[in-house]
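Structure at a glance
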Amino acid sequence: MSETFPDPRSISSLEVLLNDLRVGTIIRTPGDFNAFSFEHSYRATGGFPVLSLSFRTATGGLRKDPKPVARALPAFFANLLPEDKLREAMEKHHAGSVRAGNDFDLLVALGSDLPGAVRVVPSDRAIVRLDNLPAHKPKARFSLAGVQMKLSVIKNTGKGGGLTLPLGDDQGSYIAKYPSTSFPGVSENEYANLALAEAIGMEVPERELVEQSEFEGIPKEFETLSDGKVLLVKRFDRGANGERIHIEDFAQVFGIYPSRKYEGAAYHDIAAALNVAVSSAAALEFVRRLALAAITGNGDMHLKNWSLIYRGVGDKPQLAPVYDVLSTVPYIPADAMALSLAGERRFKALNAQRWKAFANRARLPEAAVLKTVVDTAERVNEVWWSLPERKAIPPKVLERIDTHVRLMTAILGT
Ligand SMILES: Nc1ncnc2c1ncn2[C@@H]1O[C@H](COP(=O)(O)OP(=O)(O)OP(=O)(O)O)[C@@H](O)[C@H]1O
Ligand SMILES: [Mg+2]
């Protein structure tokens, strides 16, 4: 198998597609300014299906095109790229055609397999294709956000029926999250937290723990040093036949760059946005997930760990399923909420007063918020202590989670 793919450094114009619909263009100017503009035909639809709420006005309809940005992509597109370990690996994998730290180059290389239903392809591949160069071995071209090493993978197609990397035009329908060298039992921790969320009635993707030996043909640059199991999660932005389902995270909703995911907005901003753009039920489901984060000691629910999903024709968002939930307190004992909850991040400070202040800032009814928090603490206690997935967690890690759950039950449960 071989592929001809244009050299990303030679590209200066990209078409932005939402599934097969052309929505706009990103242009890179010689001074390295990047400008995004919508297509006239897409403007004529009123901006449907929706690319991002950040491009819409409060009264409906599309905003003016955003201003060109120097040496960076507009925030919506910057948020589609890998952040840390996977970014390093992808830059190595595409070394020679993607310059380190260059978002535009990386977006060209990975534009065919981005989160959600957005695709970014060179505007005129016929002109820019380097026809006189030999065809190359197909490369991995998937993009997933986040700092942990992860792969988008295909299941049961490898020679031995294992897990393989999509190459060229292939697409993965699972995310494989590799364990970390600094956080023991992190895969098992997330596995149990996802099971807990599901047991209390939340929408959670299918997942399993797999051995690293089940992966086949993974190029060296994607390997990690860490031992232990890999968490395999079904992608909710890919359908049964590989179709793309659009999603956007709350850094994208608010037009905030990934580097500001821990401070760019507060939890009441997300709740208020859900209340207006989705429903009051979605806003209360968000409160339930916040209470779950507080009780499990999860200090990593930043703006990129909550998403909207656009199912069906893609005109109306819903709150996407739960992902990336784990107890961080076993590893970072002094950890706190990732974003401010009515001016407070410390877990211990999340008493009824604080939730009332949060309700007011989010414009949600106080009584409904308080009841949601109390009910969540109660439901967690009903299932956590006998949850089968607890057994997968290393004992020392589990002990710290349990201590935190007891402490927070007293604070949240009244
Ligand atoms: N089941 C899923 N289906 C579709 N997309 C997902 C799913 N799980 C995660 N994602 C997407 O992949 C990204 C990375 O996943 P995840 O948040 O689990 O990784 P992480 O490296 O632990 O992140 P962080 O940097 O927050 O620690 C998420 O931001 C989200 O956009
Ligand atoms: Mg994450």
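Keep in mind that what you see is a predicted model, and the values were worked out from it rather than measured. (Residues numbered from 1 in each chain as written. Chains lettered and ligands numbered in written order. Predicted model: local features only at pLDDT ≥ 70, side-chain atom pairs only at ≥ 80, totals over all residues. Heavy atoms only, no water.)

Here's the deal with the side chain of Asn193
Within the secondary structure, Asn193 sits in helix α6 (residues 186-199). A distance of 2.9 Å separates a polar atom in the side chain of Asn193 from a polar atom in the side chain of Asn189. Among the polar contacts listed, one links the side chain of Asn193 to the side chain of Ser327, at a separation of 3.2 Å. The contact partners of Asn193, leaving out residues within four places of it in the chain, are Thr296, Val325, Leu326 and Ser327. (Helix = DSSP H or I, 4+ residues; strand = E, 2+ residues; numbered from the N terminus. Polar contact = N/O pair within 3.5 Å; in protein donor to acceptor, adjacent residues only side chain to side chain. Contact = heavy atoms within 4.5 Å.)

Remarks on the packing of helix α9 (residues 280-296) against helix α11 (residues 366-384)
Following both chains from N to C, one finds α9 and α11 inclined at 50°, their axes separated by 9 Å at the closest point. Comparing their axes, α11 and α9 come out oblique. Handedness of the crossing formed by α9 with α11: right-handed. Facing α9, whose interface residues are Leu284, Val287, Arg288, Ala291, Leu292 and Ile295, α11 presents Ala368, Val369, Thr372, Val373, Thr376, Ala377, Val380 and Asn381. Looking at the contact of α9 with α11 residue by residue, the classes come out as 10 nonpolar, three polar and one charged. (Axes fitted to C-alpha atoms, helices over the stretch in contact; angles between N-to-C directions. Parallel < 35°, antiparallel > 145°, perpendicular 65-115°, else oblique. Left-handed = near helix turned anticlockwise from the far one by under 90°. Nonpolar A, V, L, I, M, F, W, Y, C, P; charged D, E, K, R; others polar.)

Notes on the pairing of strand β8 (residues 174-177)
In terms of strand pairing, strand β6 (residues 150-155) meets β8 through four bridges, oriented antiparallel. Across the sheet, residue Leu151 finds its bridge partner in β8, namely Ala176. Sheet analysis places β8 next to strand β11 (residues 230-234), joined by four bridges and oriented antiparallel. The residue bridging Tyr174 from the neighbouring strand is Lys234, located in β11. (Pairing = 2+ DSSP bridges.)

Re the coordination of the magnesium ion (ligand 2)
Angles between donor atoms at a metal ideally measure 109.5 degrees for a four-coordinate tetrahedral arrangement and either 90 or 180 degrees for a six-coordinate octahedral one. Protein ligation of the magnesium ion (ligand 2) involves Asn305 (OD1) and Asp324 (OD), the donor distances falling in the range 2.1 to 2.2 Å. Of this pair, Asn305 sits in the loop between α9 and β13 (307-310) while Asp324 sits in the loop between β14 (318-319) and α10 (352-362), and the two are 19 residues apart along the sequence. Overall, Asn305 belongs to the buried group, its relative accessible area being 6%. By relative accessible area, which is 16% here, Asp324 ends up buried. (Donors = N, O, S within 2.8 Å, 3.2 Å for Na, K, Ca; no water. Buried < 20%, exposed > 50% of the residue type's maximum accessible area, 1.4 Å probe, protein only.)

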